[in-house]
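Structure assessment
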Amino acid sequence: MASIPARAVNLGHQAAAIKAVVPNAEVTVRRGELVCTLTLQPAPACKKYTVRLAYRHRRRPRVTIIDPPLTMHPDSTSLPHVYADGTLCLYLPGEWKEDMLLSDTILPWTSAWLLHYELWLILGHWTGTGDAHVVPTPKDHL
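Figured I'd write up the structure that's included with this text. (Residues numbered from 1 in each chain as written. Predicted model: local features only at pLDDT ≥ 70, side-chain atom pairs only at ≥ 80, totals over all residues. Heavy atoms only, no water.)

**Focus: the overall build of the chain**
Regarding its fold elements, the chain presents 2 helices and 4 strands. When the helices and strands of the chain are read in sequence order from the N terminus, they spell out α-β-β-β-β-α. The proportion of buried residues among the 142 residues of the chain is 36%. Surface summary for the chain: the accessible area is close to 8,600 Å², and the carbon and sulfur share equals 55%. (Helix = DSSP H or I, 4+ residues; strand = E, 2+ residues; numbered from the N terminus. Buried < 20%, exposed > 50% of the residue type's maximum accessible area, 1.4 Å probe, protein only. Areas by Shrake-Rupley, 256 points an atom, 1.4 Å probe, with all protein chains shown as cover.)

Written out as structure tokens, the structure reads:
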């Protein structure tokens, strides 16, 4: 028997779930796109980051750090786990699906990414889990 494909979570539901987790988040849904600006602090000793999340059905969630600007480790020539367009690489292809809540996946993954970023600035190597991989272009995560 064929399995029924999972349905994408309605953008209004996504927005409400984000507001439930981060009440001061600015969330709008217009013309089929959810755009959210919020502050994340991955740990008490970490900086606070202003994050922008943009999402449309059938596209990957796009997360960028607005403030403070991401900086380089002195021994590095590029930021790890960041696409060429500046959006964060938060997961491998297939790990995130449209039937998942952004508030339960993308937001905590972004917070974890920020924690590993701060450790990278200190240590010079990425401490995140998983194998080292070449960061694909954003179209590979559609």
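Continuing now.
**Looking at unusual backbone geometry**
Here the amide bond leading from aspartate 67 into proline 68 is cis, since omega sits at -5°, within 30 degrees of zero. Along the chain, proline 68 falls in the loop between strand E4 (62-67) and helix H2 (106-123). Even without being glycine, arginine 31 reaches a positive phi, approximately 50°. Residue position: arginine 31 is located in the loop between strand E1 (26-30) and strand E2 (33-40). In this structure arginine 31 comes out as exposed when scored by relative accessible area, which is 79%.

**A few points about the pairing of E1**
Pairing geometry for E1 and E2, over 5 bridges, is antiparallel. Residue pairing across strands places arginine 30 opposite glutamate 33, the latter belonging to E2. Taking the residues that link successive antiparallel strands as the turn, the E1-E2 hairpin has 2 residues, and the phi of arginine 31 there is positive, at about 50°. (Pairing = 2+ DSSP bridges.)

**Remarks on the environment of lysine 19**
Along the chain, lysine 19 turns up in helix H1 (residues 11-21). When residues no more than four places from it in sequence are discounted, the contact partners of lysine 19 are Asn24, Ala25 and Val27. Of note is the side chain of lysine 19, whose polar atom sits 2.7 Å from the backbone oxygen of alanine 25. (Contact = heavy atoms within 4.5 Å. Polar contact = N/O pair within 3.5 Å; in protein donor to acceptor, adjacent residues only side chain to side chain.)

**Thoughts on the side chain of glutamine 14**
With respect to the helices, strands and loops of the structure, glutamine 14 is situated in helix H1. Judged by its relative accessible area of 0%, glutamine 14 falls in the buried class. The residues touching glutamine 14, leaving out its near neighbours within four places in the chain, are Val9, Leu34, Glu98, Met100, Leu101 and Leu102.

**Looking at a nonpolar patch on the surface**
A cluster of nonpolar side chains, namely Leu115, Leu119, Ile122 and Leu123, defines an oily patch on the protein surface of about 350 Å² accessible area. When you line up the elements, isoleucine 122 lands in helix H2. Take isoleucine 122: its relative accessible area is 64%, and that puts it in the exposed class. (Patch = residues over 30% accessible without salt bridge, like charges linked within 9 Å, V, L, I, M, F, W, Y side chains within 5 Å. Salt bridge = Lys/Arg side-chain N within 4 Å of Asp/Glu carboxyl O.)

**Thoughts on the packing of aromatic side chains**
The full count for this structure, using the stated rule, is 6 aromatic pairs. Ring geometry for tyrosine 55 versus tryptophan 96: centroids 5.3 Å apart, planes at 80°, classification edge-to-face. In this pair, tyrosine 55 sits in strand E3 (residues 49-55) while tryptophan 96 sits in the loop between E4 and H2, placing the two residues 41 residues apart along the sequence. Neither tyrosine 55 nor tryptophan 96 differs from the other in exposure class; each is buried. When the ring of tyrosine 117 is compared with that of tryptophan 120, the centres are 6.0 Å apart and the planes differ by 35°; the resulting orientation is tilted. (Phe/Tyr/Trp six-rings, centres within 6.5 Å; stacked < 30°, edge-to-face > 60°.)

**Things to note about the pairing of E4**
On a regular strand, one side chain projects to one face of the sheet and the next to the other, so that they alternate. Across 5 bridges, E3 lies against E4 in antiparallel orientation. Note that in E4 the partner of leucine 53 across the bridge is valine 63.

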